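Chain and residue survey
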Amino acid sequence: MTTTTRHSSGPTHALEVAPVSPLTGLGGLLRLYGRISRRQIIIWVLAIGLSVAASVAAMKGVYPDQQALDARAALLENPSAVMMTGPAFALDHYTFWAMVANELLLYVLVAVAIMSILLMVRHTRAEEEAGRLELVRALPVGRSAPPTAALLLVALANAGVGVSVVLGLLVTGGPLVDSLAVGLATALTGMVFGGVAALTAQVTEHAGSASGLALGAAAVAFMVRGIGDVVDAQGSWLSWFSPFAWAQQTRLFVDLRWWPLAVTLAAILVLLGLAAVLSRRRDVGAGLRPAAHGPATATRSLPDPAGLAVRLVTPMMVAWAVGLFLFAIAFGSLANSLQDMVSEIPAVGDMVPLDLDDLTTSFAAYVLQMLAIGPLGLIVAGILRLRTEEQEGRLAGILMAGSSRTSTAVRWVLVVALSTTVVQLLLGLGLGIGLLQATGETSWLAVMPLAALASLPAIALAGAVTVALYGLRLRLAGVAWLLVIWAAIDTFLGDLLDLPDVVRSISPLRHVPLVPDADLDVSALAGMSVLAVLLVLVGLWGLRRRDLAAG
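Let me begin by describing the structure that accompanies this report. (Residues numbered from 1 in each chain as written. Predicted model: local features only at pLDDT ≥ 70, side-chain atom pairs only at ≥ 80, totals over all residues. Heavy atoms only, no water.)

1. Re a nonpolar patch on the surface
Heads up, the rule is: Put simply, a patch holds well-exposed residues, over 30% relative accessible area, that have no salt bridge, with like charges counted together within 9 Å and Val, Leu, Ile, Met, Phe, Trp or Tyr side chains within 5 Å. We get accessible surface area from the Shrake-Rupley algorithm with a probe of 1.4 Å; when it comes to residues, only the shown protein chains can shield them. By definition here, a salt bridge exists when the distance from a side-chain nitrogen of Lys or Arg to a carboxyl oxygen of Asp or Glu is within 4 Å. What counts as a helix is a DSSP run of H or I of at least four residues, what counts as a strand is a run of E of at least two, and both are numbered from the N terminus.
There is a patch of nonpolar side chains on the surface, built from Val163, Leu167, Leu170, Leu176, Val177, Leu180, Leu184 and Trp258 and spanning about 710 Å² of accessible area. Contributions of two or more residues to the nonpolar patch are made by helix H7 (145-170) and helix H8 (176-203). Within the fold, Leu167 resides in helix H7.

2. Here we look at the nonpolar core
Where we set the bar: What we call a nonpolar core is a set of buried Ala, Val, Leu, Ile, Met, Phe, Trp, Tyr and Cys residues that are connected through their side-chain atoms within 4.5 Å. Between buried and exposed lies partly exposed: a residue is buried under 20% and exposed over 50% of the maximum accessible area for its type, with that area taken using a 1.4 Å probe on protein chains only. In what follows, a contact means two residues having at least one pair of non-hydrogen atoms within 4.5 Å.
Grouped together as the largest cluster of nonpolar side chains are 149 residues, with contacts concentrated most on Val100 and Leu169. The contact partners of Val100, leaving out residues within four places of it in the chain, are Val56, Met59, Leu105 and Leu169.

3. Examining the side chain of Glu128
By the secondary structure assignment, Glu128 is in helix H5 (residues 125-130). The class of Glu128 is buried, set by a relative accessible area of 11%. In contact with Glu128, other than residues within four places in its own chain, are Leu133, Arg282, Asp283, Val284, Gly285 and Ala286.

4. A short note on the packing of helix H18 (residues 405-439) against helix H20 (residues 456-472)
Formally: Think of each axis as a best-fit line through the C-alpha atoms, taken over the contacting stretch in the case of a helix, with angles from 0 to 180 degrees between the N-to-C directions. Each angle gets one of four labels, with under 35 degrees taken as roughly parallel, over 145 as roughly antiparallel, 65 to 115 as roughly perpendicular, and the rest as oblique. Left-handed is the label given to a crossing in which the near helix is rotated counterclockwise from the far helix by less than a right angle, and right-handed is the label when the rotation is clockwise. Polar here means any residue other than Ala, Val, Leu, Ile, Met, Phe, Trp, Tyr, Cys and Pro, which are nonpolar, and Asp, Glu, Lys and Arg, which are charged; Gly is therefore polar.
Interhelical geometry of H18 versus H20 gives an angle of 150° and a closest axis separation of 11 Å. Overall, the two elements H18 and H20 adopt an arrangement that is roughly antiparallel. Along this stretch, H18 crosses H20, giving a crossing that reads as right-handed. Residues Val413, Thr420, Thr421 and Gln424 of H18 pack against Leu456, Ile459 and Val467 of H20. Here the contact of H18 with H20 is composed, by residue class, of four nonpolar, three polar and no charged.

5. Quick notes on the packing of helix H15 (residues 359-371) against H18
Running from amino to carboxyl end, H15 crosses H18 at an angle of 150°, the nearest separation of the two axes being 11 Å. Viewed along their axes, H15 and H18 adopt a mutual orientation that is roughly antiparallel. Between H15 and H18 lies a crossing whose hand is right-handed. Where H15 abuts H18, its residues Thr360, Ala364, Val367, Leu368 and Leu371 lie against Leu427, Gly428, Leu431, Leu435 and Thr439. Tallied by class, residues from the contact of H15 with H18 come to seven nonpolar, three polar and no charged.

6. Observations concerning a positive patch on the surface
So the rule is basically this: Asp and Glu count as negative and Lys and Arg as positive, but His and the ends of the chain are not part of the count. A charged residue contributes its charge at one atom only: NZ of Lys, CZ of Arg, CG of Asp or CD of Glu.
Residues Arg35, Arg38, Arg39, Arg473 and Arg475 make up a contiguous surface patch of positive charge. Within the secondary structure layout, Arg35 lies in helix H1 (residues 26-62). On the accessibility criterion, Arg35 (58% relative accessible area) is exposed.

Note that every value here comes from positions in space, so none of it alone points to a role or purpose.
Structure, rendered in structure tokens:
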């Protein structure tokens, strides 16, 4: 007997899925990534744009005539000034806008490079490490859609920064064409380092390592440009190995030339193309460089929360300590150029709190306060690493091993605080070395490290604010970065913008006396120390009462 099987022509429960192209789902992923990072992008765009406008407006008051501009140009005869700003163009007829490009452009480029690196790693390697990319690719999403969405988001962020820079220059009277060139150079430089981050994201399987490699590449580019410009004040062959130099070599506001930006564009295409090729040679979640196998047994200190904190925080502290130490030496070596500059630019006192009776000491005190912003940010970053451990679920494992929440947090905070103290002392020593080079007086080697200790209560207060926010609510912890940003704005622009004292007092560094130039105000330092202790206690109390993140 033969049985005939009839195939139904009606609907079935099988899902009809259209063929997936490499970019399927791109629009949805771009909207998702934009929603995740919209606050960070808005803050970066507004902060950079407003800083440019405020800085240019302030410079107009400090450099009101050609005599003041010529004195500023003379400062570029010091190699340290060239190292920290850029190539010196048109010194024989130094215009205001040439000075703006020399004074401001490099730091705008550094800021946009950091933004691009953090955004690119956040939406590429961090997604893989957390396992979210694998879930996304289980949906009808093309293989190229996630990295392309990350690239487009970084491009949009850089375009936003570029526009904000252009507007900041135009509202302060900048020439149209050169201002547009500054915006384009800023955006393209950011994309170069976005490409560097896309490349490092293929190499390692950890987001922290990818960010570290890319930020390290940015630091090397900064140093290469600086050394190259010291060799030749208008840029040597060595300078051209740095993406920062490509933007500066457009000779903005002096003799504008567009072709160096073609080098930048070519580098972007090469980096992104190489990242795309390498991404196809590895598995999802893996890196081209396999993770090193650790020892079979952990050291005695590693299972302890303090030992783990040392292991996780030390690489960041060491990297920033080296960079800040070198910056301190460079700033200190500028001391021998102050006398002529101040005599020609009396308004420089509106920009920097200098004592005309003792220029070197007051300059050293101000530079020390300015560089203290680095340790201020480091203590916040180090404490927020504990938040990361909680979000990834690893803090729960530490607590299961027998450590209490309070004990873990206290040990972690102590490790971060001690590490930051060492960094602050190194800043003082580096500044002392620079002053020794400039003045020949060995006493600076002892004076400046001791003076650096005066900023520790303010740094501790920033860390305590972070602990309090983290303990009370996990989502609030990132708000601590606003305190660091405001401290930087107040330190660099507070005098120039004539900000009210009530507003400026929000910055912890505002309450630190400018030692060794000023007398040590023990009461203010003691007050900040007591407040720091109280805030830490509040944070520990909140941490004991709230639920931990699930991870």
